[in-house]
Each structure stands twice: as structure tokens, then as C-alpha cells.
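Residue-level structure breakdown
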Amino acid sequence: MFILALALAGVLPGSAAVAAPVVLVEAESFEKKGGWVVDPQFMDIMGSPFLLAHGLGVPVSDAVTTVKFAATGTYRVWVRTRDWVATWKAPGAPGRFQLIVNGRPLDAVFGAEGAEWHWQDGGQIEIKQRSVKLALRDLTGFEGRCDAIVFAADAQFTPPNRDPEMARFRRQALGLPEKPEDAGRFDFVVTGGGIAGTCAAVSAARLGLKVAFIQDRPVLGGNNSSEVRVWLQGARNKEPWPRVGDIVAELEQDNRAHYGPDNKAELYEDEKKLAVVRSEKNICLFLNHRAQAVEKDAGRIAAVIATDVFTGRQRRFAARWFADCTGDGCVGALAGADFDMQPKGRMGPCNLWNVIETGKPVAFPRCPWALDLGDKPFPGRGRGETKPNPLHLGGWYWESGFDRDPIQEMEYVRDWNFRAMYGAWDALKNVDKVLPNHKLNWAAHIMGKRESRRLMGDVVLTKEDVVGARQFPDACAPTGWKIDLHLPDKRYESGFEGDAFISAASFGNYPMPFWIPYRCLYSRNVPNLFMAGRDVSVTHEALGAVRVMRTGGCMGEIVGMAASVCLKHDTEPRAVHERYFTELQEIMRRGVGRKSGAESSYENQGEPKTKRASVPKTLSPPPWLSSAGPNLARSARVTVSGSRDAAQYPPGLINNGRLDVGDNALRWQSEAEVPHWIEFAWDAPQTVSVARVVSGFCNGGGKVIAPIATFTLQFHDGAEWRDAPGAAAQGNERVDWHATFAPVTSARFRLLVTATQTNISRIWEVELYHPKR
């Protein structure tokens, strides 16, 4: 990827006139992210996604890209960043990083000043060649962040730092159009890719609607994804509507490990959710797109405007009906829908984390910028006679933001969660001097939210309705979770009043299941807006019973069904209740699942099965393999474009000869975003005429799914890479792919992957052969 310099002419409000070249490099557009992660959670507030050095105290690998300048010369460098602990006047500036230009670091250290997002001056630099390699080098592993980099030929130019001026500057510098491009016309636009949104999109698509499905992450599932790692709770497939919940059952995982290092990413089966959605021909899925605006016409939503997280390009999604499944009620709020929000004492978000035993001593640095917990109690600490319990670290009760604005202050809250985690681990390792062989293993940088806006419908469900078992004539979605509300745990609040970081749950009983009325699932004042999930029409107290994800998924199924009734009669969601509810009930009776979820219901849906299904350990070998001769890949040196986690999924797994498709830990995993490549090199040329690639993901049911989709075997002819004729696949669905082709001789071969189902390549083995004829 080359990022071209553009000459911006004229005057930007709040900035100097620009007549000389300006190069804008968005951090999230770096070709190789290295160990940095893309964080779009706060782009509505601070203006953009950014790269985060989420290393848990270990510096992450460099993010690298190449920039092509329009002209050489002297440029002033600006980097948009912040010292993330300066908000609390904490010492130490843990988020420090460097900008490397053609292998040489600038003198400035970034992320060491300023509590707010701002353009930090990096000084002047001489650009001597038009093609320039940039790298972001993390210095600490402690959450450094970079939004963007500007090179300005005019030494007096300062990039604007506030919208709308900054947004205009970004568009012009990147050559983006002023108006969003047309993404198409749809029947139904679903925004928000959690369980509720996924069920709404699939339900509507199976009932014949053309659906645009917008999600701001690379995976689906929301809190039930590998990024957040929260299990499904609530109810599905209950009488008198046992087919409501069938899609939830299709998405649900068979295995779980709620606490500690056993709570691994692969348990959440991100690939399975994506495969379910991508199998629906009526769904157009737009991952990594964040809804940021709406257009209205006569009080109705006409279109949603979403921004591509990586490119900044905006797209317009026009439709007849819309569903807000964002959790935060984002689309509804943009459209002027009535909403309520608890002013104080809300449930807060978590950033779950865990630690792991390594078998050898692991040091951890002092963190003077973290929460000072040296003399404070916290879950898992143990003092005196009590030993520390690592499984009590980083669980659901490590929660904050109870009195913070759940929209405007979320970066503050997420970072407070980080400071609590690092402060606790510092206290254990360096004050108590316990758990010497443990290290921080994983922490979510994406928040698991519980409560924010609640969009108001024709019925606002109350605690009294739930506890009193009120029976609504339009009952449609079941609950199966107590009224569960979280507030600060008084045992740990001292010294942190107003910003507690440990919660206690208060449970209220009621007769279960309670059936939520349909009138909670559409807006009372935006006539073509549905909602499903935790942003539906309930009070704060009632939210405690309905906010969990099985129940939210059932709401999504109902919304998709109701949208099909709207399509049939060309009407609005309210009319489904007033005139066509018996038609909706008939669809509820039939269900929209591929099979009845009731058949796979757990005896107690609060405790899913933990026994691993039987998984085939090997694949049936292709017939030619017995006479193929040696696997030449075994003796090759392997290099890759980038690994998701080189320690956990090293490139050496690709050619180690261990082909066990029942063990996901034996696969190499690429970093996110295609293209990916794997190169095989030998000291002497090798002749290859057969290639075999085994890829994908073994889900909890023992089925191997989601192989890499489009790829080509290439060879290097001494000057450039060339495709090996007949050694390519497009739209591949075979886990065990192999091809025979005309012999090719080279000392270097490369597998180039340009499409996968999840933007990540997951490969057990690549084998290369040249059978003797």
C-alpha cells in the first residue's frame, strides 16, 4: 500500500493556508500493524480510529508502512497522540513510542505529553527519496496510542485538531469525496454485530429481505466474541414459542471456560458466526464500518452513513427499515429517537483479563502511573494467611464507570480499567512478591458494555412488570436471567469513591421465563426504526433481566421476523402490533432456524456443556500422497507477512508436519487484514508440482470450517514473483485443498492469500511435493 501526498490549497478554518504538499498517514491504514491493534471505540468522540500498543507491559512489534511523497524536501512532522495517564496527572508517561523514518528514529518521543488528543510536534526532517518507510516503535508495552502522522512542507502549518475542520482536512488529504458513496438500496439495514444484530440480520435475510449488516469490528458477536469473551446467558427456545431462539442456538458455542487463561479466543468461534452470516445470500456484510450519521426524510430514517475504519471512506446505506442493535442506541440517537439513560449508578463496562503460570520467574516493572493498590484490597489478592487466587483477577466484577457518561467518557473508563489491572498486578508482583512465575496473559482492549442509552418504544418495560409476571398480549422474547444490577462493591471502594473499579451484583428474583412485549422493540417516535439487545425500551431496573445475550438474540430474531411482515404489507413496525400480529406469531411458531434450537437446548441454559465434542485428529489423505515423495516444505526456511501472536502461533507450525485438525493451537495465524503471504526458501532450487494447504478452524462441535478462500502459489524467477500456473484457488471451501500443476523450479516459493472468511489466515500445514513419474 502506498499513501500518496496531496497538495492542499486554500484555507482550512482554524489552520494556516496550505499551498505546499501535506502527507497524511492514518495509523490504522498501516500495511502491517505488527503488535499494535486498531481501536475504533472512541472515533465518534476523538475523531478517528487509532493504533494501540496493547502489550501488557511488553513492547509490541513495530507497525510498518510505506509512504510515497509527491516531492522530496524538508517537512515538519506532526503526530496525533496523547499521554493517556496525564488525565489523572499520573507520573511516568507509560504510552511512549517513536516514529522511525527510513530506519532512523525521530528525536521526539511521542505519547509523553498532553492529556488530550493533540498534534505533537516531531520537528523537521529531510525527505531525500519519494518512497519512505515508516514504523511505529512501542517503547513500553503499556497502551501507547497513535492516531495519525502528518508531514507538512510548510513549516508554519499546524493540522486542525477539532471537528469539523479536522474531518475536512482528513478528507482532503486522503482524497476522499465530500459526499458518501452509494452502498446500495436495501430493504433492511442492521447496525451492530453483536448477538442481537446478527440474529436480526439472519432472521430477516432468511425471510426474504435484502439486508445490509454493519459492524465496526472484524468479528461478530460483540461481547460474545474473542475480543471481549463473555458467555451467552438468558433463555431461548421456551414454551409457548419454542422456535424463538433457533438462530441463537446456531451461533452458540459448545464449550466455555469463564475465568483464567482457559478462557481462550478460539472458544468463542468467531469463524462460526461469520460463516452463518456469509451463508445467507440476502446479507451484504460490512465489517469494520462504524455508523456515524443518518439521513431523515419526513421523520423517518432514509439512510445510515457508515465510515470504513481503515480507509475513512464513507458509505450511504439506504433502506425502508432499520434496526439499532448497537447497544448504545447510536442510530436511534442520531435519528432523534426518544431515549432514556440512567444519570448515575449505571452498570459499567469491563475489560476482562487473566494471568498464566509460565514455569519460570517473570518480572514485572513498577507502575507508578497505575492505580496505587499497594495497601488496598482487591479480589484475588489474598493477605496474611490467605494465598492469592489468580482466578479472581480480571473477572466480570472488575468493572468501572458507574457514574461516568457511557458515551462521552468511555476512553476514560477503559483506561481506568487498564490502570486498575496494572496497579493490581504491580501490587502482587512487587509489593506482595507473590505469583513469581505468573505473567499477564490476556486483556481485552475492547470494552464489554452493560448499559447506556435505552431507546423508548410504545411500551417501556419496568421492574414491576417483570416481578409481577405481567402477561402482555404481544409477548415475544423470553428472559432467563435474574434482575442483575451492578454497583460499586463497598469492600473495595475506599479511596476510589466516584471511580470504583470493583462491582457487586444485586440479584432480584421473578417467575422465569418472562416474555418481553414486541412493543419494546421499535421506536415510539421514529416510525421505521427497530431495536434489539440492551438498547430496547426498558427501565434501568428491568434492563437487569433483559440485557443478557441469549435474550437479546431472541429479540433480534423477532425484529427480523417483524421486518418481513413490514415488507409484505409495506407498513411500519407499529402496524405489525396493531394489525398483523397474528402473522408475526405464525412466523414465531415456525421459527427461522436451520434446525430447531429446542433440540439442542441445555437442561439448564445457564450452564452450557463443557465436554469437548469428538474431533477427528487427522484428515483422510489424498490418494496421490502415498507416492508423492518427500514433503519439500519441511526443509524450507519459513517467513511470513506477520503473525497474530508469534509466540502462541509461530510460523514454524506451517511446516512442522503435525497435521492435527482437532487442535486449533497447532495452526499458524496471520495478523488481521489481507493480503498475507508465507514464503518457503531453500539454499538450492527445488522442483514443485503438487501443493497441499490445510486451513480453517475446528469449532466446538468438531466441524472444521472457514478455510482460506482465495490464494495463489507463486515462485520467484530471480527478478520478481510469478504465479505458478494451475496452483490457485478462488472462493475455496475445502479445508484440505490440493492441486497438481506443471513442474516449477525455484529456490523460493510463496503462498499469497488475498481473501479469507475472517481477514485472518489460519493454517495447519502447507505441503509441497514433486512426485517422481
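Residues numbered from 1 in each chain as written. Predicted model: local features only at pLDDT ≥ 70, side-chain atom pairs only at ≥ 80, totals over all residues. Heavy atoms only, no water.

**Description of helix α10 (residues 549–569)**
Counted at 1.5 Å a residue, the expected span for α10 with its 21 residues is 30 Å, and the 30 Å between its end C-alpha atoms agrees. Of all the 21 residues making up α10, 18 are buried; the element is thus mostly covered by neighbouring parts of the structure. D570 lies just past α10 and shows a positive phi near 50 degrees. (Helix = DSSP H or I, 4+ residues; strand = E, 2+ residues; numbered from the N terminus. Expected span 1.5 Å × (residues − 1). Buried < 20%, exposed > 50% of the residue type's maximum accessible area, 1.4 Å probe, protein only.)

**As for the packing of helix α3 (residues 195–206) against α10**
Put simply, α3 and α10 touch, their axes get as near as 7 Å, and they point 30 degrees apart. Taken together, α3 and α10 sit at an angle that is classed as roughly parallel. With respect to the hand of their crossing, α3 and α10 are arranged in right-handed fashion. On α10, the residues touching I195, A196, C199, A200, S203 and A204 of α3 are M549, G552, G553, G556, E557, V559, G560 and M561. For the contact of α3 with α10, the per-class residue count stands at 8 nonpolar, 5 polar and 1 charged. (Axes fitted to C-alpha atoms, helices over the stretch in contact; angles between N-to-C directions. Parallel < 35°, antiparallel > 145°, perpendicular 65-115°, else oblique. Left-handed = near helix turned anticlockwise from the far one by under 90°. Contact = heavy atoms within 4.5 Å. Nonpolar A, V, L, I, M, F, W, Y, C, P; charged D, E, K, R; others polar.)

**Regarding the nonpolar core**
Judged by nonpolar contacts, the single largest core of 92 residues is most densely connected at F188, Y518 and F530. A per-element tally of this core places α10 first, with 10 residues. Counting 43 residues, the second largest nonpolar core, distinct from the first, contains W84, W117, L440 and Y492. (Core = buried A, V, L, I, M, F, W, Y, C linked by side-chain atoms within 4.5 Å.)

**So, the pairing of strand β8 (residues 97–101)**
Where burial is concerned, most of β8 is hidden: 5 out of the 5 residues are buried. Here β8 pairs with strand β9 (residues 104–105) via 2 bridges, running antiparallel. Looking at the pairing, I100 lines up with P105 of β9. The turn joining β8 and β9, which pair antiparallel and follow one another in sequence, is formed by 2 residues; a positive phi near 50 degrees is taken by N102. (Pairing = 2+ DSSP bridges.)

**Overview of the pattern of salt bridges**
Any two side chains of opposite charge can pair, given that their charged atoms come close. Using the criterion set out here, one finds 54 salt bridges in the structure. The residue D458 makes a salt bridge to R574 at a minimum N-O spacing of 2.8 Å. Taken together, the positions of D458 in the loop between β22 (454–455) and α8 (463–467) and R574 in helix α11 (residues 573–579) put the pair 116 residues apart, joining distant regions of the chain. For D458, a relative accessible area of 35% puts it in the partly exposed group. We note a salt bridge from D736 to R692, for which the minimum N-O separation is 2.8 Å. Here D736, found in strand β35 (residues 736–755), pairs with R692, found in strand β30 (residues 676–695); they are 44 residues apart in sequence, far enough to count as distant. Accessibility assignment for this pair places D736 and R692 in one class, buried. A single salt-bridge network, built from bridges that share partners, covers D39, R82, R145, E411, R414 and D415. (Salt bridge = Lys/Arg side-chain N within 4 Å of Asp/Glu carboxyl O.)

**Concerning the confidence of the model for the protein**
Scored by pLDDT, the protein comes out at a mean of 92, with 94% of its residues at no less than 70. Throughout residues 1–19 the model reports pLDDT below 50, and contacts reaching past four residues in sequence, or to other chains, amount to 51 contacts. Note on residues 600–617: pLDDT is under 50 here. Beyond four places in sequence and across chains, it has 47 contacts. (pLDDT = per-residue confidence, 0-100.)

**So, unusual backbone geometry**
Going from D163 to P164, the amide bond is cis rather than trans, its omega being 10 degrees. Note that the residue after E239, namely P240, is joined by a cis bond; omega there is 10 degrees. With respect to the helices, strands and loops of the structure, P240 is situated in the loop between β14 (211–214) and α4 (246–251). Residue A93 is not a glycine yet carries a positive backbone phi of 45 degrees. Secondary-structure assignment places A93 in the loop between β7 (73–81) and β8.

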